[in-house]
Amino acid sequence: MKIWLNGGLQDLGTARVSVLDHGLTVGDGIFETVKTVDGRPFALTRHLDRLARSARGLGLPEPDLDEVRAACAAVIDANPMPLGRLRITYTGGLSPLGSDRGDQGQTLVVALGEADRRPDATAVITVPWTRNERGALTGLKTTSYAENVVALARAHEQGASEALFGNTVGQLCEGTGSNVFVVLDGEIHTPPVASGCLAGITRALAVDWTGAQETDLPLDVLDRADEVFLTSTLRDVQAVHRIDGRELPGAPGPVTAKAMRIFDERAADDLDP
């Protein structure tokens, strides 16, 4: 496998990043995950725009998006596969130990791994930990991902593929790597970005393409929603058939099934919407 590291393609087995890279020592970095389909990235422009926003929010110099786009193309061409997970990682680079950044420049890594199409429906759990809707990293896609690792491990222990968080004021927020939508009386709702959730690329497309409403929702809406679904880069639109101990029989329900169909059709028509 070939990856892109700081200016060119390298073999995965020999590519090296310093052990003092700020992304490793303190999680000072940002990333994007992009779906590739038959050698073409999906919604790459939106992902690169968000990468730049995350860099600004974290106080990192903005990446050269032309270089990032070229790196993505090179990695995709070097690693042909039908469905892939393209990972763009951009960190503070070589730095002193501690929180201060160094002056050696940033690190850019682009890698691609094979992916499988997700099942149409999945199980999720809720977790007792909260998203901080007022935190310094709120809304940024950073490599500081440890709380997601902990929550997802709990989900796997309970036979689920995702864990959902509330925020500090008891509102439904997001999953570890997904956005959440609920269906109430035939209408689709999703938490607004002000809840502390990430402004997901698939989330935004699903809102535009289905007419979903951004609504402040209490966490216990999951106890009474008629249907629930998740969105993310590799899930696209995925129904939920169980939340904690609550079964949602027949998932995907009619509203979710329509959203799945619309998303698949629109995404097939335009790979860079």
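The structure we're discussing is the one just above.
Residues numbered from 1 in each chain as written. Predicted model: local features only at pLDDT ≥ 70, side-chain atom pairs only at ≥ 80, totals over all residues. Heavy atoms only, no water.

## Re the nonpolar core
Piece 1. Membership of the largest hydrophobic core comes to 23 residues, with the highest contact counts inside it found for W4, V68, C72, L86, I88, L108 and V110.
Piece 2. Only β3 (29–37), α2 (44–58), α3 (65–78), β5 (83–91) and β6 (107–114) provide two or more residues apiece to this core.
Piece 3. With sequence-adjacent residues up to four places away left out, C72 is seen in contact with L44, L86, I88 and V110.
Piece 4. In this structure, A206, M260, F263 and L271 belong to the second largest nonpolar core, which totals 18 residues. (Core = buried A, V, L, I, M, F, W, Y, C linked by side-chain atoms within 4.5 Å. Buried < 20%, exposed > 50% of the residue type's maximum accessible area, 1.4 Å probe, protein only. Helix = DSSP H or I, 4+ residues; strand = E, 2+ residues; numbered from the N terminus. Contact = heavy atoms within 4.5 Å.)

## Notes on the packing of aromatic side chains
Piece 1. Tallied over the entire structure, the rule returns four aromatic pairs.
Piece 2. Aromatic side chains F42 and F263 sit 6.2 Å apart centroid to centroid with 65° between the ring planes, which places their arrangement in the edge-to-face category. Residue F42 is found in the loop between β4 (40–41) and α2, and its partner F263 is found in helix α6 (residues 254–269); the two are separated by 221 residues along the sequence.
Piece 3. Using a relative accessible area of 5% as the deciding quantity, one classes F42 as buried.
Piece 4. With a relative accessible area of 2%, F263 lands in the buried category. (Phe/Tyr/Trp six-rings, centres within 6.5 Å; stacked < 30°, edge-to-face > 60°.)

## Digging into a negative patch on the surface
Piece 1. A cluster of acidic side chains, namely E265, D269, D270 and D272, defines a negative patch on the protein surface.
Piece 2. The topology assignment puts D270 in the segment after α6. (Patch = residues over 30% accessible without salt bridge, like charges linked within 9 Å, V, L, I, M, F, W, Y side chains within 5 Å. Areas by Shrake-Rupley, 256 points an atom, 1.4 Å probe, with all protein chains shown as cover. Salt bridge = Lys/Arg side-chain N within 4 Å of Asp/Glu carboxyl O. Lys, Arg positive; Asp, Glu negative; His and termini not counted. Charge placed at Lys NZ, Arg CZ, Asp CG, Glu CD.)

## Some points on the environment of Y90
Piece 1. On the secondary structure map, Y90 appears in strand β5.
Piece 2. Linking Y90 and C173, residues 83 residues apart in sequence, is a C-alpha distance of 26 Å.
Piece 3. Setting aside anything within four residues of it in sequence, one finds Y90 in contact with G29, I30, L60, P61, E62, P63, Q106, T107 and L108.
Piece 4. From its side chain, Y90 meets the backbone oxygen of P61 in a polar contact 2.6 Å long. (Polar contact = N/O pair within 3.5 Å; in protein donor to acceptor, adjacent residues only side chain to side chain.)

## Overview of the sheet that holds β6
Piece 1. Spatial strand order, β2-β1-β6-β5-β3-β4: six strands in an open sheet with antiparallel pairing. On the outer flanks of this sheet lie β2 (8–11) and β4, each paired with one strand and no other.
Piece 2. Taken together, the four bridges between strand β1 (residues 2–5) and β2 define a ladder with antiparallel strand orientation. Bridge assignment links L5 to a residue of β2, and that residue is G8.
Piece 3. α2 rests against β3, β4 and β5 of the sheet, and its axis sits at about 175° to β3. (Pairing = 2+ DSSP bridges. Axes fitted to C-alpha atoms, helices over the stretch in contact; angles between N-to-C directions.)

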